[in-house]
Amino acid sequence: MTKRIVKVSGGGSCFRIVIPISLIAELNWGDVKHVVIEGFEPHGIKIRRLFDEKKDEGNNSGD
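Now for a quick tour of the structure. Because the structure is a prediction, the values reported are computed rather than measured.

**Some thoughts on a nonpolar patch on the surface**
Okay, step 1: Together, Val 6, Val 8, Phe 15, Ile 17, Ile 19, Val 35, Ile 37, Ile 45 and Ile 47 make up a nonpolar patch on the protein surface, roughly 790 Å² of accessible area in all.
Okay, step 2: Only strand E2 (14–17), strand E3 (35–40) and strand E4 (44–49) provide two or more residues apiece to the nonpolar patch.
Okay, step 3: Counting through the fold element by element, Phe 15 comes out in strand E2.
Okay, step 4: A relative accessible area of 59% means that Phe 15 is categorised as exposed.

Here's what the structure looks like:
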């Protein structure tokens, strides 16, 4: 999968990144409403889809 560099903005109590629509389309995440984020050692964050009504909650191919 292609690596992308994206803009980060932080302040207050949140830290935001913008995920390019091309990546959302590539992952077929257009209908995703919630994601799970977790730390990924040593310096990363993992983002996974939480729920897709068309698939079982626990069977996510994007893990």
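**Quick look at the pattern of salt bridges**
Side-chain pairs of opposite charge can arise where the charged atoms are in close proximity.
Okay, step 1: Throughout the structure, instances matching the rule amount to three salt bridges.
Okay, step 2: Residue Arg 4 pairs with Glu 26 through a salt bridge whose shortest N-O separation is 3.0 Å. One end of the pair, Arg 4, is in the segment before strand E1 (8–11); the other, Glu 26, is in helix H1 (residues 21–26), with 22 residues separating them in the sequence.
Okay, step 3: Ionic pairing is found between Glu 38 and Arg 48, a salt bridge with its closest N-O pair at 3.3 Å. With Glu 38 in strand E3 and Arg 48 in strand E4, the pair connects residues that are ten residues apart, well separated along the chain.
Okay, step 4: Look at Arg 48 and you get partly exposed, because its relative accessible area is 22%.

Conventions and cut-offs
Residues numbered from 1 in each chain as written. Predicted model: local features only at pLDDT ≥ 70, side-chain atom pairs only at ≥ 80, totals over all residues. Heavy atoms only, no water. Patch = residues over 30% accessible without salt bridge, like charges linked within 9 Å, V, L, I, M, F, W, Y side chains within 5 Å. Areas by Shrake-Rupley, 256 points an atom, 1.4 Å probe, with all protein chains shown as cover. Salt bridge = Lys/Arg side-chain N within 4 Å of Asp/Glu carboxyl O. Helix = DSSP H or I, 4+ residues; strand = E, 2+ residues; numbered from the N terminus. Buried < 20%, exposed > 50% of the residue type's maximum accessible area, 1.4 Å probe, protein only.

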